[in-house]
Every structure is written in C-alpha cells, then in structure tokens.
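Spelled out, the chains give:
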Amino acid sequence: MTRKIWIDTDTASDDVLALIMGLRDPRVHVEGISVVAGNLPIDTAVKNALISVERAGTYAPPVYRGAAKPLLRPLYTSEFVHGSDGMGEMNLPPPTLTEAPGHAIDALIACVAQNPGQIEVLTLGPLTNLALACAKAPDVMRQVKRVVMMGSAGVGPGNITPVAEFNIYVDAEAAQIVLDSGMPLCFVGWDVSTDETFINQQDIDSLLATGSERAAFCVRCNATLQQYNLDSWGKVGFDMPDPTAMAVLLEPDIATRQIHAYCAVEYRSEATYGQVMIDPHGLLKREPNADVCLAIDPARFKALMFRLIQ
Ligand code: RIB
Ligand code: CA
C-alpha cells in the first residue's frame, strides 16, 4: 500500500530537492504540502513550493500557505544562504500552479483526521505550523503515524549559532511544543548532512553528466548555497539537510546510527536559544521523547537522491 506523507517546508534550495524526491518516489503519495516562513518570507516560500511541484513533473498535491512568522519572535530569514529568491538568484517566473485555499494548519489537521494513524509528516523548516496544529487539535495530531524533522544540530555544532541549527533557531518555542505533543518524533540533525553525505564537486559533475534537465535545475538552484559553503566553510559543493531528512522518511533503515533519547529545546536563554539538548545516556532520568538520527549510509543516500531528481 502506498504510504501517505505530508511535507511542511520553508522552500529554500535544498527543500526543493527534498520535495522533488518525495513527489517522484512511487512508494509514497504526498497528500499535501504546507508552507511556513523560515529560510524565506512566506510569499517566496509558497512560490518556490509551487515551482518545485511543477519541476517534479509528476502530480500536484495541494500547496497551502501557513504561518508567516514564528510564534513569538520576529522572523529570521536566510537569503544569505540560499539567495534572495531562495533559488540561487534564478529569479524564476511565477509558477502556473496556484496555492490551495484555506490555512495550512486546518488542511494538515483535516488530513490527519481523515487518515488516522497513516500520515507520515516530514518537516523541512521551522516547526511553527506543526506547533500550531498541535495547539489547535492535540488529539488529532497524536494520530500522526510519524514525524521526521530536519532540525537540530544533532550531536554536532550549530549552523546559525555555535549550538543552534536554523530550523529550531527560528522558532524554538514551536519546537518545544512539538516535543511535548506526544507525536512519534525523529530529528535528523544538520550534522547528518555535513560529512560523507555532502554533495561534492564529483557528485555535481556526475549529476550534470546525466544530461537530465531536472538534475541540472537541482544543481543550479543551489548556486548560492554552494558559494556560501565555499565562503563560510571552505568546502566545494553543498550540504543537503532537507534531502537527508526526506531519505530517512522514505527509507528509515538508511539510518546507520540512531538513538532514542530525552530531548529539550532551549527557548529562554539568549546565548543558547534554539539549542536542542539531547540526553543519550539518560542522565536526567527523563522519559525519551524522540529518535535522533545521527548518521545515514552516504552512498545509499546519494544514489537515492540522484535517482529521484533526474
Ligand atoms: O539548517 C538547515 C535548514 O535550514 C534546512 O531546512 C535548510 O533549508 C536550511 O536553510
Ligand atoms: Ca528548509
């Protein structure tokens, strides 16, 4: 039976590849896409989500507009990482597809209510939409089959502060609400995408050598991210955090190291705001509340992503 998934995204350039992967994998059906402000303001994120659906070239699930800002804090965006358009300054024309009517939160709640125990949710941005859905319909949201979140620094350094990863840093309060929700959760941290799963020049060259227009688009829209990696970390290529999370959702056994631990989000301290504290050894004697994927099979990940984006 085809698995039913829901994707929540802030549609920057790596989100685009994750969306295309999900829409082109026949093992899953994307029931809906909810958009959240994060990497980009909501209007740009919605436009990029619609473009991603078109570029996937398969079917068009409804794309819903969600939260335009975090629960409490001002929106912190990252055009400096992905480009002012979130797509490597391609400044693409408006998509033909249009967004679905209604708010993303209500659409997500309705989808879960109509498919109790079946919906696997993948989050690729700040957790504002998911937190709002949990606040509005906690009993319904506990009927989610699983939530895989691109979020946290895992057991590595942060990418926005020394301890915080972007998606959690944008809305740490929302992340704590999700942690308290009772939904089955899995963090895929930024650390999973920065070593052997990093898309290097050889990977880029082999993608372009396929002659696939879709693969070429997926490389091109990450041009700003590629430059950011060179300028910031001295690395040639780009990290693909959102596609790694999509890979964990599509093939859970791609994870080579994973723990089940008590996690908590810092949302009161200015110095460590957005840090996800993970307690792998149970030192705090608190009930574990999330899986944390610490590593995935890099060759299998690249083969999966490369196959699905061509
Ligand atoms: O920290 C990584 C997250 O922010 C990913 O969702 C990616 O889109 C980046 O911008
Ligand atoms: Ca994202």
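Report follows, based on the coordinates. (Residues numbered from 1 in each chain as written. Chains lettered and ligands numbered in written order. Predicted model: local features only at pLDDT ≥ 70, side-chain atom pairs only at ≥ 80, totals over all residues. Heavy atoms only, no water.)

## A few points about the coordination of the calcium ion (ligand 2)
So, step 1. Within the protein, the atoms that donate to the calcium ion (ligand 2) are Asp10 (OD), Asp15 (OD), Asp15 (OD), Asn39 (ND2), Leu124 (O) and Asp242 (OD), at distances of 2.2 to 3.2 Å.
So, step 2. Mapping the donors of the calcium ion (ligand 2) onto the primary sequence yields the spacing D-x4-D-x23-N-x84-L-x117-D. Here Asp15, found in helix α1 (residues 13-24), pairs with Asn39, found in the loop between β2 (28-35) and α2 (42-56); they are 24 residues apart in sequence, far enough to count as distant. Across the pair, Asn39 and Asp15 agree in class, each one buried. (Donors = N, O, S within 2.8 Å, 3.2 Å for Na, K, Ca; no water. Helix = DSSP H or I, 4+ residues; strand = E, 2+ residues; numbered from the N terminus. Buried < 20%, exposed > 50% of the residue type's maximum accessible area, 1.4 Å probe, protein only.)

## Notes on empty space enclosed by the protein
So, step 1. As enumerated under the stated definition, the model contains one cavity of 30 Å³ or more in all.
So, step 2. One number sums up the size of the largest cavity: a volume of about 260 Å³.
So, step 3. In this structure, the largest cavity is lined by 21 residues; those nearest its centre are Val81, His82, Asn159, Phe166 and Pro241.
So, step 4. Counting residues per element, the lining of the largest cavity draws most heavily on helix α11 (residues 223-233), at four residues.
So, step 5. Of the residues in the lining of the largest cavity, the class split is ten nonpolar, six polar and five charged. (1 Å grid on protein atoms, 1.4 Å probe; cavity = no way out; pocket = protein on both sides within 12 Å on 5 of 7 lines; lining within 4 Å. Points joined across faces, edges and corners; volume = space filled by probe spheres on them. Nonpolar A, V, L, I, M, F, W, Y, C, P; charged D, E, K, R; others polar.)

## Section: the pattern of salt bridges
So, step 1. One pass over the structure, following the stated rule, counts eleven salt bridges.
So, step 2. Where Glu120 meets Arg3, a salt bridge forms, and the shortest distance between an N and an O atom there is 2.7 Å. In this pair, Glu120 sits in strand β4 (residues 119-123) while Arg3 sits in strand β1 (residues 3-9), placing the two residues 117 residues apart along the sequence.
So, step 3. Judged by relative accessible area, Glu120 falls into the buried class, the value being 5%. (Salt bridge = Lys/Arg side-chain N within 4 Å of Asp/Glu carboxyl O.)

## Side note on the layout of surface pockets
So, step 1. Space inside the largest pocket adds up to approximately 170 Å³.
So, step 2. Taken together, Val155, Asp191, Val192, Asp195, Glu196, Thr197, Arg257, Leu294, Ala295, Ile296 and Pro298 make up the lining of the largest pocket.
So, step 3. The dominant element in the lining of the largest pocket, judged by the number of residues it contributes, is strand β9 (residues 290-296), at three residues.

## As for the site of ligand 1
So, step 1. Inspection of the region around ligand 1 gives Asp14, Asp15, Asn39, His82, Leu124, Met150, Asn159, Glu165, Phe166, Asn167, Pro241 and Asp242 as its neighbouring residues.
So, step 2. Asn167 has a polar side-chain atom sitting 3.0 Å from an oxygen atom of ligand 1.
So, step 3. One of the side-chain N or O atoms of Asp242 is found 2.7 Å from an oxygen atom in ligand 1.
So, step 4. Computed on the free molecule, ligand 1 has an accessible area of 280 Å², of which 95% lies beneath the protein chains in the complex.
So, step 5. Judged by its atoms lying within 2 Å of the grid points, ligand 1 is housed in the largest cavity.
So, step 6. Sorting the residues of the shell around ligand 1 by element identifies α1, α7 (166-170) and α12 (241-250) as the ones contributing at least two each.
So, step 7. Grouping the constituent residues of the shell around ligand 1 by class yields four nonpolar, four polar and four charged. (Near = heavy atom within 4 Å. Polar contact = N/O pair within 3.5 Å; in protein donor to acceptor, adjacent residues only side chain to side chain. Areas by Shrake-Rupley, 256 points an atom, 1.4 Å probe, with all protein chains shown as cover. Sits in = over half its atoms within 2 Å of the grid points.)

## Brief notes about the packing of helix α9 (residues 201-209) against helix α10 (residues 213-220)
So, step 1. At a closest axis distance of 8 Å, the pairing of α9 and α10 adopts a crossing angle of 145°. Of the residues in α10, those touching α9 at Ile204, Leu207 and Leu208 are Ala215, Ala216 and Val219.
So, step 2. Considering only residue class, the contact of α9 with α10 consists of six nonpolar, no polar and no charged. (Axes fitted to C-alpha atoms, helices over the stretch in contact; angles between N-to-C directions. Contact = heavy atoms within 4.5 Å.)

## Looking at unusual backbone geometry
So, step 1. Positive phi values are uncommon outside glycine, yet Asn91 reaches one of about 45°.
So, step 2. Of note, Asn91 is situated in the loop between α3 (79-82) and α4 (104-114).
So, step 3. Phi angles above zero are rare outside glycine, and Ser152 is one such case at about 85°.
So, step 4. Positionally, Ser152 belongs in the loop between β5 (146-150) and α7.
So, step 5. We classify Ser152 as buried; its relative accessible area is 1%.

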